[in-house]
Amino acid sequence: MAETKKGTTKAIAKADSEEVKAAPEAEVKELVKKPAVKKDVAAKKPAIKKVAAKKETVAKKETEVKSTPAKRTVKKAQVVENITFQFNDRSYTPADLMKSCKDVWKYDLEGKEEDLKSIELYVKPEENRAYFVINGDITGNFPI
């Protein structure tokens, strides 16, 4: 069979007709089928191009996904809390009451600050006193 360039159907048809004249009838049927096979191969080539095109679009999508900006987290502003107890023309904050309790522990009960594990304070304004429980077992009170 004569060699031809891709895409020239006239040369293929001419070569096929020459082989058909020279070949017996049994071989004629096989030779007639050959161009159909070549057309199938040619038909498959665009499918390969489509797959390549799909790969390119997938690659473009991946780069688009990568190029999206990262989500920014917005920190909420912390709420400033301030508690003040006012009674009998006096004003106390929880920090003031805790400092007084620690002073009682340190100076009156002669304890060490390292030994403090927990402090529970109970304020009774009608008695002008604060009651405490230190480390779960030591109790007492002090005037406020």
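Refer to the structure above for everything that follows.
What you are looking at is a predicted structure, and each value in this text was computed from that prediction instead of being measured.

(A) Structural context of the pattern of salt bridges. Inspection of the entire model under this criterion finds 3 salt bridges. We note a salt bridge from Asp 103 to Lys 99, for which the minimum N-O separation is 3.4 Å. You can see Asp 103 and its partner Lys 99 sitting in helix H3 (residues 94–108), 4 residues apart, about one turn around the helix. Of the charged contacts in the structure, one is a salt bridge between Glu 127 and Lys 124, with a shortest N-O distance of 3.3 Å. For Glu 127, a relative accessible area of 37% corresponds to the partly exposed category.

(B) Just the environment of Lys 112, in detail. Structurally, Lys 112 can be placed in the loop between H3 and strand S3 (119–124). Exposure remark for Lys 112: the relative accessible area of 53% places this residue in the exposed category. As for Lys 112 and Lys 102, which are separated by 10 residues in sequence, their C-alpha atoms are 9.5 Å apart.

(C) Examining the pairing of S3 more closely. Alignment of S3 against strand S4 (residues 129–134), held across 6 bridges, turns out to be antiparallel. Within S4, the position partnered with Val 123 by the bridge is Ala 130. The hairpin turn running from S3 into S4, its antiparallel successor, is 4 residues long, and Asn 128 in that turn takes a positive phi close to 55°.

(D) Here's a closer look at the nonpolar core. With 12 residues, the main nonpolar core is built from Phe 87, Tyr 92, Leu 97, Cys 101, Val 104, Trp 105, Leu 116, Ala 130, Phe 132, Ile 134, Phe 142 and Ile 144. Of the residues forming this core, the biggest block, 4 residues, is contributed by H3. Apart from the residues within four sequence positions on either side, Ile 144 is in contact with Phe 87, Arg 90, Tyr 92, Leu 97, Val 123, Asn 128, Arg 129 and Ala 130.

(E) Seen up close, the sheet that holds S3. The 3 strands are arranged S3-S4-S5 in an open sheet whose pairing can be described as antiparallel. Whereas interior strands pair on both sides, the edge strands pair on one side only; in this sheet they are S3 and strand S5 (138–143). On average, adjacent strands in this sheet sit at an angle of 20° to one another, irrespective of strand direction. Here S4 runs beside S5; their pairing, made up of 6 bridges, is antiparallel. Looking at the pairing, Tyr 131 lines up with Asn 141 of S5.

How each quantity is defined
- Residues numbered from 1 in each chain as written.
- Predicted model: local features only at pLDDT ≥ 70, side-chain atom pairs only at ≥ 80, totals over all residues.
- Heavy atoms only, no water.
- Salt bridge = Lys/Arg side-chain N within 4 Å of Asp/Glu carboxyl O.
- Helix = DSSP H or I, 4+ residues; strand = E, 2+ residues; numbered from the N terminus.
- Buried < 20%, exposed > 50% of the residue type's maximum accessible area, 1.4 Å probe, protein only.
- Pairing = 2+ DSSP bridges.
- Core = buried A, V, L, I, M, F, W, Y, C linked by side-chain atoms within 4.5 Å.
- Contact = heavy atoms within 4.5 Å.
- Axes fitted to C-alpha atoms, helices over the stretch in contact; angles between N-to-C directions.

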